[in-house]
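Chain and residue survey
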Number of protein chains: 2
Amino acid sequence: MRPSSLPQPNYRFAETIKRLLRRNASPSLKKILARTHPVDIAHVLDSFLPQERQKLLTYVGDDERQSEVIACLPPDHAAEVLTEMPLERAAVLLREMSGDDRADILGILDEEVAAKFLAALPQSESEEVAELLRYGENTAGGIMSPDPLAIQEDTTAEQAIRIVRDSPDVEMAFYIYVVNDHNSLVGVVSLRQLVTSKPEIQLWEVMNPHVVSVRTDEHQEEVARLVSRYDFLAVPVVDETNQLVGVITVDDVIDVIREEATEDILKMAGAGDEYAKNVSVFGWIRRRLPWLAAAWFGGIVAAMIIGKYRGTIERSVQLAAFIPVIIGMAGNVGTQSLTIVVRGLATRNIEVKHFWKVVGREIIIGVLLGLLFGAAIGATGFFDTYESAELNALSVAIVVAIAASLSMVLAATVGALMPLVFAKIHIDPAVATGPFVTTAIDVIGVSVYLGIATAII
Amino acid sequence: MRPSSLPQPNYRFAETIKRLLRRNASPSLKKILARTHPVDIAHVLDSFLPQERQKLLTYVGDDERQSEVIACLPPDHAAEVLTEMPLERAAVLLREMSGDDRADILGILDEEVAAKFLAALPQSESEEVAELLRYGENTAGGIMSPDPLAIQEDTTAEQAIRIVRDSPDVEMAFYIYVVNDHNSLVGVVSLRQLVTSKPEIQLWEVMNPHVVSVRTDEHQEEVARLVSRYDFLAVPVVDETNQLVGVITVDDVIDVIREEATEDILKMAGAGDEYAKNVSVFGWIRRRLPWLAAAWFGGIVAAMIIGKYRGTIERSVQLAAFIPVIIGMAGNVGTQSLTIVVRGLATRNIEVKHFWKVVGREIIIGVLLGLLFGAAIGATGFFDTYESAELNALSVAIVVAIAASLSMVLAATVGALMPLVFAKIHIDPAVATGPFVTTAIDVIGVSVYLGIATAII
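These numbers were taken from a predicted model, which means no experiment stands behind them.

1. Topic: the sheet that holds strand S6 (residues 234-238) of chain B
Residue and element names in this part refer to chain B.
- Here we have four strands laid out as an open sheet, ordered S1-S7-S6-S5, and mixed in their pairing. Of all the strands in the sheet, just strand S1 (145-146) and strand S5 (214-215) have a single pairing partner and so form its edges.
- Pairing of S5 with S6 involves two bridges; the strand directions are parallel. When the bridges of S6 are listed, Arg215 appears paired with Val238.

2. With respect to helix H7 (residues 87-96) of chain A
Residue and element names in this part refer to chain A.
- Every buried residue of H7 is accounted for by Ala90, Ala91, Leu93 and Leu94. Taken around the axis of H7, the buried residues stretch over an arc of 165 degrees, which confines them to a single face.
- Close packing links the buried residues of H7 with helix H5 (63-72), helix H6 (75-84), helix H8 (99-108) and helix H9 (111-120).

3. Comments concerning unusual backbone geometry
- Of note, Asn183 of chain A is a non-glycine position whose phi angle comes to about 65 degrees, a positive value.
- By the element assignment, Asn183 of chain A lies in the loop between strand S3 (175-179) and strand S4 (185-190).
- Judged by relative accessible area, Asn183 of chain A falls into the partly exposed class, the value being 30%.
- Even without being a glycine, Asp147 of chain B presents a positive backbone phi close to 55 degrees.

4. Quick notes on the interface of chain A and chain B
- Between chain A and chain B, the residue contacts involve 119 residues of the former and 119 residues of the latter.
- If you sort the residues of chain A by the area they bury against chain B, Arg192, Tyr275 and Arg288 of chain A come out on top, with a joint share of 7%.
- The tally of links between chain A and chain B comes to four salt bridges.
- A salt bridge links Arg229 of chain B to Asp40 of chain A; the nearest nitrogen and oxygen atoms lie 2.5 Å apart.
- The tally of links from chain A across to chain B stands at 22 residue pairs in polar contact (both at pLDDT 80 or more).
- It is helix H17 (residues 281-308) of chain A that contributes the most residues to the side of chain A that touches chain B, 17 residues altogether.
- Each residue belonging to the side of chain A that touches chain B can be placed in one class, and the counts come to 72 nonpolar, 28 polar and 19 charged.

5. Details of the environment of Lys55 of chain A
Residue and element names in this part refer to chain A.
- You can see Lys55 is positioned in helix H4 (residues 50-60).
- Sequence separation between Lys55 and Asn24 is 31 residues, and the spatial gap between their C-alpha atoms is 9.9 Å.
- Once you skip the residues sitting within four places of it in the chain, Lys55 turns out to touch Leu21 and Asn24.
- In this structure the side chain of Lys55 is engaged in a polar contact, spanning 3.4 Å, whose partner is the backbone oxygen of Leu21.

6. A look at the nonpolar core
- Counting residues in hydrophobic clusters, the biggest one holds 118 residues, and the most contacted among them are Phe322 and Tyr449 of chain A together with Phe322 and Tyr449 of chain B.
- Here Tyr449 of chain A is in contact with Leu319, Phe322, Ile323, Ile326, Val399, Val400 and Ala403 of chain A, once residues within four sequence places are set aside.
- Core analysis: the next-biggest nonpolar cluster, separate from the first, contains 100 residues, Leu191, Leu194, Ala224 and Leu244 of chain A among them.

7. Quick look at the relation of the copies chain A and chain B
- When chain A is fitted onto chain B, the two copies agree to an RMSD of 0.1 Å after a turn of 180 degrees and an axial shift of 0.0 Å. As the rotation angle and translation indicate, the two copies are arranged about a two-fold axis.
- A symmetric contact is evident, with 100% of the interface residues of chain A recurring at the interface of chain B.

8. Thoughts on the sheet that holds strand S4 (residues 185-190) of chain B
All names here are of chain B.
- In spatial order, the strands read S2-S3-S4; together these three strands make up an open sheet with mixed pairing. For this open sheet the edge positions go to strand S2 (150-152) and S4, each flanked by a neighbour on one side alone. Sheet twist, expressed as the average angle between the axes of neighbouring strands with direction ignored, equals 35 degrees.
- With five bridges joining them, strand S3 (residues 175-179) and S4 adopt antiparallel strand pairing. Bridge pairing links Ile176 to Val189 in S4.

9. Section: the domain arrangement of chain A
- In terms of domain boundaries, chain A breaks down into domain 1 (11-134), domain 2 (150-249) and domain 3 (281-456).
- Each of domain 1 of chain A and domain 2 of chain A has a C-alpha centre, and these two points are 30 Å apart.

10. Re the pattern of salt bridges
- Counting across every chain of the model gives 32 salt bridges over all chains.
- In this structure, Arg22 of chain B engages Glu52 of chain B in a salt bridge whose closest nitrogen and oxygen atoms are separated by 3.1 Å. On the criterion of sequence distance, the pair formed by Arg22 of chain B in helix H1 (residues 13-22) and Glu52 of chain B in helix H4 (residues 50-60) is long-range, its members being 30 residues apart.
- A relative accessible area of 57% places Arg22 of chain B in the exposed class.
- Accessibility expressed as a relative area gives 16% for Glu52 of chain B, which makes it buried.
- Each of the salt bridges in this network shares a partner with another, and the network as a whole consists of Arg53, Glu80 and Glu84 of chain A.

11. What about the packing of aromatic side chains?
Residue and element names in this part refer to chain B.
- Under the criterion given, the structure shown has four aromatic pairs over all chains.
- When the ring of Phe355 is compared with that of Trp356, the centres are 5.0 Å apart and the planes differ by 65 degrees; the resulting orientation is edge-to-face.
- Given the relative accessible area of 9%, Phe355 is considered buried.
- By relative accessible area, which is 64% here, Trp356 ends up exposed.

12. Thoughts on the packing of H4 of chain B against helix H6 (residues 75-84) of chain B
Residue and element names in this part refer to chain B.
- One way to put it is that H4 packs onto H6 with a least axis distance of 10 Å and a crossing angle of 85 degrees. When the interaxial angle is binned, H4 and H6 end up roughly perpendicular. Across the interface between the two elements, Pro50, Arg53, Gln54 and Leu57 from H4 touch His77, Glu80, Val81 and Glu84 from H6.

Conventions used here
- Residues numbered from 1 in each chain as written.
- Chains lettered and ligands numbered in written order.
- Predicted model: local features only at pLDDT ≥ 70, side-chain atom pairs only at ≥ 80, totals over all residues.
- Heavy atoms only, no water.
- Pairing = 2+ DSSP bridges.
- Helix = DSSP H or I, 4+ residues; strand = E, 2+ residues; numbered from the N terminus.
- Buried < 20%, exposed > 50% of the residue type's maximum accessible area, 1.4 Å probe, protein only.
- Arc of directions from axis to C-beta.
- Contact = heavy atoms within 4.5 Å.
- Buried area = accessible area lost by both parts, 1.4 Å probe.
- Salt bridge = Lys/Arg side-chain N within 4 Å of Asp/Glu carboxyl O.
- Polar contact = N/O pair within 3.5 Å; in protein donor to acceptor, adjacent residues only side chain to side chain.
- Nonpolar A, V, L, I, M, F, W, Y, C, P; charged D, E, K, R; others polar.
- Core = buried A, V, L, I, M, F, W, Y, C linked by side-chain atoms within 4.5 Å.
- Least-squares fit on C-alpha atoms with pLDDT ≥ 70 in both.
- Axes fitted to C-alpha atoms, helices over the stretch in contact; angles between N-to-C directions.
- Domains from an automatic or database assignment.
- Phe/Tyr/Trp six-rings, centres within 6.5 Å; stacked < 30°, edge-to-face > 60°.
- Parallel < 35°, antiparallel > 145°, perpendicular 65-115°, else oblique.

Encoded structure:
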């Protein structure tokens, strides 16, 4: 939450910096970097060699500003930059950071290296890091900032304003959390309420006692839902005994929303579950392999099914020509249903309790689209086969039409059903998808098609 | 931006309300609804009949609170609820709303009905609505709240605090925008800076003059990028002459981020581009049809290609069995590449200038995965064909292995290339996808497969 706001660098920013750095043009560099937002400096740091970036950092400003830039880097990259510098220097910069940024970076390092950094920090801070690292990465505890601004309920508005004034480094000082003698969260006041209250009034008189808080073990997705539903700017985090231990601000929530969307999209394509910047070719292969292996297995099953029906294909080879369009259309309509249901569940536009309504709708859509495209594909089948002067052109057309319709209906049903069933048994519906469902649809498609063909021809 | 915070209703909330409403239990209803957040009331309003919900609204509280509940509904639903009530009543509730909510609702109504509502509003407000409706739906002007808190630069801190105190209905009063005599935006101060300044100091002395603003015609996606990159709580909106005309708050940005993610996900599956709640079966069919039609066309092309090679298939019918696994595996690896690139572009993890780096990586991954699964599929082909005692088991295996490898490499290349090319020519990469690419891959797959088969066997 930095209200500072500066002109944005244009696309040539990185090149300019690089040129100045090679020319050792210290005054110009310092001037430019002083005017640049830490986020933008962090963004270009990527394109420099280790030595260059260490040199660049010295031009960024004092320790506080340097640590701000490093905190803006993705944690893995920040850890890299810190390990390149002398340990004492890294410890100084870590000490300047907010508690959550510090913990994110140290949490990524090898235990041995992290232990060295921790030893170089003052005890209170290294204890805080240890405390924060106890929480799961995707929980409220894992994304919160420790040390929220908490003020005793018997403080007066005037005293409270003075406390706000004297705490420049606190995150999100627009809400002030009110605690009792035991540090239990009892209410919230906004800075605005404080300003508009009489100076001598005590906080418990003006605070909103119905403060919504989350527990440290709440999933980050649930926190994001809460913040975006009620338009909160921040949510306090409490432990099992309602002690205030942290705060999650809306900027962290935006990151969570982006992350979760990326996760869903990648999962649906069977391509891992997060977008890390520095993944190697083998890293990507490892993420993609399991899904392809599942699809491969499904493909082998489909091949075996077709093998069983080779007699039918031998009698009318033209049947083989329609395998791709039948399983392709089924796959497409199934993927549509699947995507609509998975995204609907994620955005709460669809709820599991509407199971039959949703599945029913997708079945109706599948029937209508299936009849339409079944007829279209069947008609092509008729003319295609007719030209090749086979006797059973009409039979082929009928088989293709029925098979295309039926497999599209089944695909729409499976596509809608699977994510709902997964959601019902509390498995992430996004994993129920992509290669998994399309492969199932391939197998269903060829079975239906060749089964019908054998029966009719 | 409502800092109010109340206990969340559980899943039985709607049923409880319904029961109390049928029993006409006014005191209980009033008591419960008074304790419920407007968002939560809006959420259950969905499950009531028109008459019931009009009755329910009267229990919600005064005009202000009723209008708050209606403003929390999706605009199409809010328009429905307002048209159900007498015109004067609807006008009263519209008048209570913030300008952007009012414009969103009136923008959705038929022109004729909207004109009637506008005529019932005071002139200043109907002019404001007309003004807001000029802006495109997905632009900064379309999502901003008009009437931001703007204070003259020569105002003292003390006077400014008084102005904040006397403007209870202003959105996001945590930032105060500073304007000059001509209402041009010249700076920003946070409420916190005001509180911590000497009372007699003038705003121009404490303000940050480097205020980042967006123009009314800026795309909402760009606004979202700005807010999430710099962790802003709000961004001021100016017109061509730098006059302050509105403000976009972080809660609007969260909605934009969700919307854009949904749009990308649905587009990638060829299932429309937004998640509207009350879309009919035919509405969904209309959205899905064009993509299926494109896939149908591709499928027909694939069928024609296979038809051309019928001589080859007649010589070895077992070849037909491997069509699904070859095009399926190619489709899966292509979808993975595509998804990684489309999402990478959306989150700016991938940039168009890294074109060859990204495509090169996907080609390498395609080659490695292609070799691996090509061999696996070829081996299955060998044993499968061997069992059926054909003479050319080895040839079939070799054909299948080469075709599977090659089509997977091509699929990965096409999957990575297409979205980058689309991004380069400024077409949304998400539309370059789904049925479109998978169909192209089907055609490539069968051509490669049967071409190789004809050459070798």
